[in-house]
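Structural overview for review
Here is what each chain is made of, one letter per residue.
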Amino acid sequence: MSKYDYLVVGSGLFGAVFAHEANVRGKKVLVIDKRNHIAGNVYTEKIENINVHIYGAHIFHTNLKRVWDYVNQFAVFNRFTNSPVANYHGELYSLPFNMYTFNKMWGVVTPEEAAAKIEEQKHAANISEPKNLEEQAISLVGTDIYEKLIKGYTEKQWGRACSELPAFIIKRLPVRLTFDNNYFNALYQGIPVGGYTQMVANMLEGIEVRLGVDYLEDKDELDAVADKVVYTGPIDAYFGYQLGNLEYRSVCFENEVLDTPNFQGNAAVNYTDRETPWTRIIEHKWFEFGKDKDGNDLPKTVISREYSSEWQPGDEPYYPVNDEKNGRLYAEYKKLADAEVNVIFGGRLGEYKYYDMDAVIDSALNLADKEL
Ligand code: FAD
Ligand code: UDP
């Protein structure tokens, strides 16, 4: 007889949601994580009384009412709305591209004037069917915005020329002929008050969690303690990279505590010129309006400069690379995974898929419905 019904490998959102659901349905669950903290990549840590998003800024946004109701059981969400500012050599523009951006760029006042300006620049560039990101961007917003707000940022972020990148990357960015700086189109948006770590701790309440335990180092012993395993680590690592490494795009974060109450006046500022080496700066306190839990102003601030970097084996895996080569390799690993008895692969690493937080929670809830 195994001691646990489920061994959940990974205490990120996928693992925590599944573990919570199994626990409330009376299953015995053990959660392990190789890191020394829970919450996976949504982990926040208090520095100078500010909840710092250690693995990159996370803004919760969703259209899924079920997921929104679900997370609200574990945290109170504030009214934070993501409205990044673009800094091009010291000129500031509103994002995503909307009437404030067009007014600042061209002095246009009406939506009609903005649309005409975009059309004029698109026509001058002579693009009918956009074949790459450069052409797609110019047809969406014109040459001036492409040159100042897209070209440099995208080339830093992806390490490739815009003319060599697929058009679809830019299509998810909203373009609006209204005065609306909300970056997302989602119905629900916010940041959990007190940080994501506390929200995940609430999900894991009453469940045994062991930190600093690498499943793959003690696989046989750990497999023996549970009837089934839910594995949310990298799928290629599980199989000892026997078919080769899946590739990722990585990000480096340089954190700094500053002895000033307000560095940039916004949570996110994108540096869209090619010359500034970082892609953006996050000032974490503005996710919670610059206040501590008692509503007091915070005297200091914490900022993170983000640098996009080429991923090397051994680096932290961030974004899966959705190209044909990696897609094919993943499909081969998936066949091995399907043949594995009593192991379920889930989450962004287990499925090698870019999942927003709401999608990963939805996926874990679907698994729980099916499995439990
Ligand atoms: P993870 O959080 O990665 O959890 C996996 C866990 O498994 C980790 O804790 C890891 O330590 C553990 N693990 C791995 N291998 C082992 C092993 N062998 N043994 C034990 N433990 C192991 N989504 C949004 O909705 N909004 C955003 O603003 C947003 N911003 C993002 C910014 C960045 C830079 C990135 C990379 C992602 C962002 N996301 C955002 C996506 C979000 O991070 C994911 O949806 C979510 O974290 C995925 O959860 P997960 O449980 O699948 O994976
Ligand atoms: N983008 C840009 N300038 C910006 C913000 C985004 O050119 O200031 C482009 C860039 O190519 C990016 C894409 O729009 O990859 C999608 O932006 P999003 O913020 O969704 O992407 P992420 O930063 O999460 O990759």
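That block above? That's the structure.
As the structure is a computational prediction, the values presented were derived from the model and not from experiment. (Residues numbered from 1 in each chain as written. Chains lettered and ligands numbered in written order. Predicted model: local features only at pLDDT ≥ 70, side-chain atom pairs only at ≥ 80, totals over all residues. Heavy atoms only, no water.)

1. A short note on the site of ligand 2
In the vicinity of ligand 2 there are 15 residues, among which Leu 149, Thr 154, Arg 172, Tyr 183 and Asn 270 approach most closely. Take Asn 270: an N or O atom from its side chain is 2.9 Å from an oxygen atom of ligand 2. Looking at the shell around ligand 2, the elements that each hand over two or more residues are helix 6 (143–158) and helix 7 (168–171). It is helix 6 that contributes the most residues to the shell around ligand 2, six residues altogether. (Near = heavy atom within 4 Å. Polar contact = N/O pair within 3.5 Å; in protein donor to acceptor, adjacent residues only side chain to side chain. Helix = DSSP H or I, 4+ residues; strand = E, 2+ residues; numbered from the N terminus.)

2. Notes on the side chain of Ser 304
Along the chain, the position of Ser 304 falls in strand 14 (residues 301–310). Residue Ser 304 is classed as buried on the basis of its relative accessible area of 3%. (Buried < 20%, exposed > 50% of the residue type's maximum accessible area, 1.4 Å probe, protein only.)

3. Focus on helix 4 (residues 111–125)
Between its first and last C-alpha atoms helix 4 spans 21 Å; for 15 residues at 1.5 Å apiece the expected length is 21 Å, and the two agree. For helix 4, the complete set of buried residues consists of Ala 114, Ile 118 and Gln 121. Projected down its long axis, helix 4 carries its buried residues within an arc of 65°, all on one side. Across helix 4 from its buried face, at more than 90 degrees, point the exposed residues Glu 112, His 123 and Ala 124. Just past helix 4, the residue Asn 126 takes up positive phi, approximately 60°. (Expected span 1.5 Å × (residues − 1). Arc of directions from axis to C-beta.)

4. Here we look at the packing of aromatic side chains
The geometry of an aromatic ring pair is captured by the separation of the ring centres together with the interplanar angle, meaning the angle of the planes. For the structure shown, the criterion picks out 26 aromatic pairs. Note on Tyr 238 and Phe 345: the rings are 4.9 Å apart at their centroids and 75° apart in plane angle, and the pair reads as edge-to-face. Of this pair, Tyr 238 sits in helix 10 (residues 235–238) while Phe 345 sits in strand 16 (residues 343–345), placing them 107 residues apart in sequence. Judged on exposure class, the residue Tyr 238 and its partner Phe 345 are both buried. Directly above the ring of Tyr 55 sits Arg 35, whose terminal nitrogen or CZ lies 4.1 Å from the centroid. (Phe/Tyr/Trp six-rings, centres within 6.5 Å; stacked < 30°, edge-to-face > 60°. Lys NZ or Arg CZ within 6 Å of the ring centre and 35° of its normal.)

5. A word on the packing of helix 5 (residues 133–141) against helix 6
Relative to each other, helix 5 and helix 6 sit at 140°, their axes nearing to 9 Å. Viewed along their axes, helix 5 and helix 6 adopt a mutual orientation that is oblique. Two packed elements cross with a definite hand, and for helix 5 against helix 6 that hand is right-handed. Across the interface between the two elements, Leu 133, Glu 134, Ala 137, Ile 138 and Val 141 of helix 5 pack against Thr 143, Ile 145, Tyr 146, Ile 150 and Thr 154 of helix 6. A breakdown of the residues in the contact of helix 5 with helix 6 according to their chemical character gives seven nonpolar, two polar and one charged. (Axes fitted to C-alpha atoms, helices over the stretch in contact; angles between N-to-C directions. Parallel < 35°, antiparallel > 145°, perpendicular 65-115°, else oblique. Left-handed = near helix turned anticlockwise from the far one by under 90°. Contact = heavy atoms within 4.5 Å. Nonpolar A, V, L, I, M, F, W, Y, C, P; charged D, E, K, R; others polar.)

6. Some words on the pairing of strand 4 (residues 50–53)
Neither face of strand 4 is exposed, since Ile 50 and Val 52 on one face and Asn 51 and His 53 on the opposite face are all buried. Relative to strand 4, strand 3 (residues 44–47) runs antiparallel, the two sharing four bridges. Across the sheet, residue Thr 44 finds its bridge partner in strand 4, namely His 53. (Pairing = 2+ DSSP bridges.)

7. What to know about the sheet that holds strand 2 (residues 29–33)
Within the open sheet, the five strands sit side by side as 9-2-1-10-16. Their pairing is parallel. Of all strands in the sheet, those with a lone pairing partner are strand 9 (208–211) and strand 16, marking the two edges. Recorded for the sheet is a direction-independent mean angle of 20° between the axes of neighbouring strands. With four bridges joining them, strand 1 (residues 4–9) and strand 2 adopt parallel strand pairing. Among the inter-strand pairings, Leu 7 is bridged to a residue of strand 2, identified as Leu 30.

8. Section: the site of ligand 1
Taken together, 32 residues lie around ligand 1, and Asp 33, His 58, Ile 59, Tyr 355 and Met 357 are the ones closest in. One nitrogen or oxygen atom from the main chain of Tyr 215 is found 3.0 Å from a nitrogen atom belonging to ligand 1. Contact distances for ligand 1 include 3.3 Å between a nitrogen atom and a side-chain N or O atom of Tyr 354. Protein burial of ligand 1: of its 1000 Å² of free accessible surface, 97% is covered by the chains. Of all elements in the fold, only helix 1 (13–24), helix 12 (347–350) and helix 13 (357–371) reach the threshold of two or more residues within the shell around ligand 1. Taken together, the residues of the shell around ligand 1 sort by class into 18 nonpolar, eight polar and six charged. (Areas by Shrake-Rupley, 256 points an atom, 1.4 Å probe, with all protein chains shown as cover.)

In short, the description is geometric, and any link to function would need to be established separately.
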